[in-house]
Amino acid sequence: MARRRRGLVALIGANPLEIRLERLTSPTDGVIAGRPVKLFGTNNYLGLTFDPDIQAAAIRAIREEGVGTTASRVASGNLPGHYLFEEELARFVHKRTAIVFSTGFQANLGAIAGVCQAGDVVVVDEDCHASIYDAIKLSPARKLKFRHNDLAHLRGVLAGIAEPMARVLVVVESVYSSAGDLAPLAEIVAIKKEFGCHLLVDEAHSLGMYGERGDGLAAELGVIGDVDILTGTFSKSFGLIGGFAASSHPDFYCLRYTARAFMFTAAPPPSIMAAARVSLAKIAAGTERRARLWQNSKHLRAGFQAQGVRTLDVRSPVVSAFFDDLTECYQVWSRLLDAGFYANMLMPPASSHGGCIIRFSVCSEHKPEEIDALLAAMHRARSAAAGREKTAPERQVHFSPVGVVVPETAGAEPRVEP
Ligand code: PMP
């Protein structure tokens, strides 16, 4: 990793994964290297991080209940904020039981590793989040992958399983975070019902944005009743930290004792729970925020498409731009940063679709003129990158299934860094 990092920094001049924000001044504004930057690379979809009511709830809880729990939920860390929020959340996501974890990562670890036993099979979309893959590694279940959003392949994988279908759990996300594309949830639910297996949907990038009350894509599509386990996070539209797993299975509360990521870690602080309850109420009532978010998403996507930027044609708050060449992708990304716009740069293996991606995420609080300014900066950045000499072949970075091919010095034999 150290060699690979040095090679990347030598080749493209900096490491886009080591950006330091000096300050965060609003949901959409920060300061990087002394200069103000518009943030288009957060998951702050509804701009709730600076909401005064949410801030006030957190501050009140800190004053009244302290800054931390210093205990697990199964010990003395189970305060009113935790269980009252769980009840509200369960109603919101249309499930009987919701269990709050300290992060969304832990919610996936706990939900998957906590329900699967030896002899079970997890069938997972290949683009699923690292927390889902780590969860499967932690569980004794057998893992089978299906090609991203490929229903015929999912069907084929399920048809080839010898174990009883009651022992099979299909795992998908409703919105995939790096490309921003949606799972065909209605079709996946139909396949799950046809085969008689179980389904877990991670709604991390969907809750708050989809559905009339922000109750997620499965609710919007009317299939929430057929999703056996729902997981999600409070680190995106809620503007906080934390995660949850929810289900209507009558014994789902047992996850509190089988999920090590729940039992053997400290409960989230009361301030986060107090804030999450206000966030949830704002999300449920957030029709206008959602309208602005979708307007912004359409504006940015249409603007990119008009410039010939490769993006997917999907209804998503994530508007990813795809590049074939890492160097070009990096040049565009760094010119955008110089122009005062921060977005995420994703490289394989962390990106989906095997490509180099600049991931833009919109917030309900971005102004139309800020999106116009970003579009103009993108146009300039791409023209400048196209005007530069193509990267000499011996300096090009390629991707292989085993890693990035980075030549250490110009003219040297390229080598594969695993
Ligand atoms: N699931 C998905 C699909 C995610 O994108 C993320 C965060 N990137 C997580 C889970 C983990 O959430 P958290 O940040 O709350 O740990």
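Residues numbered from 1 in each chain as written. Predicted model: local features only at pLDDT ≥ 70, side-chain atom pairs only at ≥ 80, totals over all residues.

Peer 1: Help me understand the sheet that holds strand S13 (residues 344-346), please; the structure alone is not making it clear to me.
Peer 2: Judged by pairing direction, the sheet is antiparallel, and its three strands sit side by side in the order S11-S14-S13 without closing on themselves. Each edge of the sheet is formed by a strand with only one pairing partner; in this case those strands are strand S11 (318-323) and S13. Taking each pair of neighbouring strands and ignoring which way they run, the sheet shows an average axis angle of 25°. Summarising the sheet, S13 and strand S14 (residues 356-361) pair through three bridges and their orientation is antiparallel. Bridge pairing in S14 links Leu-346 to Ile-357. Relative to the sheet, helix H12 (residues 287-307) contacts S11 and S14, its axis offset from that of S11 by approximately 20°. Along the sheet, helix H13 (residues 326-338) contacts S11, S13 and S14; its crossing angle with S14, the most-contacted strand, is approximately 30°. (Pairing = 2+ DSSP bridges. Helix = DSSP H or I, 4+ residues; strand = E, 2+ residues; numbered from the N terminus. Axes fitted to C-alpha atoms, helices over the stretch in contact; angles between N-to-C directions. Contact = placed C-beta atoms within 7 Å.)

Peer 1: It is not clear to me how the site of the ligand should be interpreted in this structure. Could you clarify?
Peer 2: Around the ligand sit 14 residues in total, of which Thr-103, Gly-104, Phe-105, Ala-204 and Thr-233 are the nearest. Take the shell around the ligand: its biggest share by element is three residues, from helix H4 (residues 104-115). Looking at the shell around the ligand residue by residue, the classes come out as two nonpolar, ten polar and two charged. (Near = placed C-beta within 6 Å. Nonpolar A, V, L, I, M, F, W, Y, C, P; charged D, E, K, R; others polar.)

Peer 1: How should I be thinking about the confidence of the model for the protein chain in this particular structure?
Peer 2: Segments scoring low in pLDDT should not have their predicted coordinates read at a detailed level. Of all residues in the protein chain, 91% have pLDDT values of 70 or greater, and the mean over the chain is 91. Taken together, the stretch residues 391-418 has pLDDT below 50 and engages in 44 contacts with residues farther than four places along the chain or on a different chain. (pLDDT = per-residue confidence, 0-100.)

Peer 1: Mind showing me how you'd approach the domain arrangement of the protein chain here?
Peer 2: You can read the domains of the protein chain as domain 1 (9-46 + 286-405) and domain 2 (51-284). Relative to domain 2, the C-alpha centre of domain 1 lies at a distance of 28 Å. If you look at the interface, domain 1 gives 20 residues, while domain 2 gives 20 residues. Among the elements of the structure, H12, S11 and S14 are those that each provide at least two residues to the side of domain 1 that touches domain 2. Among the elements that make up the side of domain 1 that touches domain 2, the one with the highest residue count is S11 (three residues). Of the residues contributing to the side of domain 1 that touches domain 2, the split by class is ten nonpolar, eight polar and two charged. (Domains from an automatic or database assignment.)

Peer 1: Is there a simple way to explain the sheet that holds strand S9 (residues 229-233) in this structure?
Peer 2: What holds strands together in a sheet is hydrogen bonding between their backbones, with the strands either parallel or antiparallel. Reading across from one edge, S4-S10-S9-S8-S7-S5-S6 is the order of the seven strands in this open sheet, with mixed pairing throughout. Each edge of the open sheet carries a strand with a single partner, namely strand S4 (97-101) and strand S6 (142-146). Each strand axis lies, on average, 20° off the axis of its neighbour in the sheet, ignoring direction. Pairing geometry for strand S7 (residues 168-173) and strand S8 (residues 198-202), over five bridges, is parallel.

Peer 1: I tried to follow the pairing of S7 on my own but got confused; where do I start?
Peer 2: Here is the key point about a regular strand: its side chains alternate between the two faces of the sheet. Burial analysis of S7 places six of its six residues in the buried class, the great majority of the element. Alternating residues of S7 divide into Val-168, Val-170 and Val-172 and Leu-169, Val-171 and Glu-173, and every residue in both groups is buried. By the bridge criterion, four bridges tie strand S5 (residues 121-125) to S7 in an arrangement that is parallel. Bridged to Val-124 within S7 is Val-171. (Buried ≥ 20, exposed ≤ 12 C-beta atoms within 10 Å, placed from the backbone.)

Peer 1: I'm lost on H13 in this one. Help?
Peer 2: Turn by turn, an α-helix covers 3.6 residues, leaving residues three or four places apart pointing in a common direction. Its 13 residues place the ends of H13 18 Å apart at the C-alpha level, agreeing with the 18 Å of an ideal helix rising 1.5 Å per residue. For H13, every residue scored as buried is listed here: Leu-326, Cys-329, Tyr-330, Gln-331, Val-332, Trp-333, Leu-336 and Leu-337. With its phi angle positive at about 95°, Gly-340 sits one or two positions after the end of H13. (Expected span 1.5 Å × (residues − 1).)

Peer 1: Sorry, what's going on with the environment of Ala-385 here?
Peer 2: Mapped onto the elements, Ala-385 comes out in helix H14 (residues 368-387). Taking the number of C-beta atoms within 10 Å as the measure of exposure, Ala-385 has 19 and is therefore partly exposed. With near-sequence residues (within four places) excluded, Ala-385 lies in contact with Glu-328, Gln-331 and Val-332.

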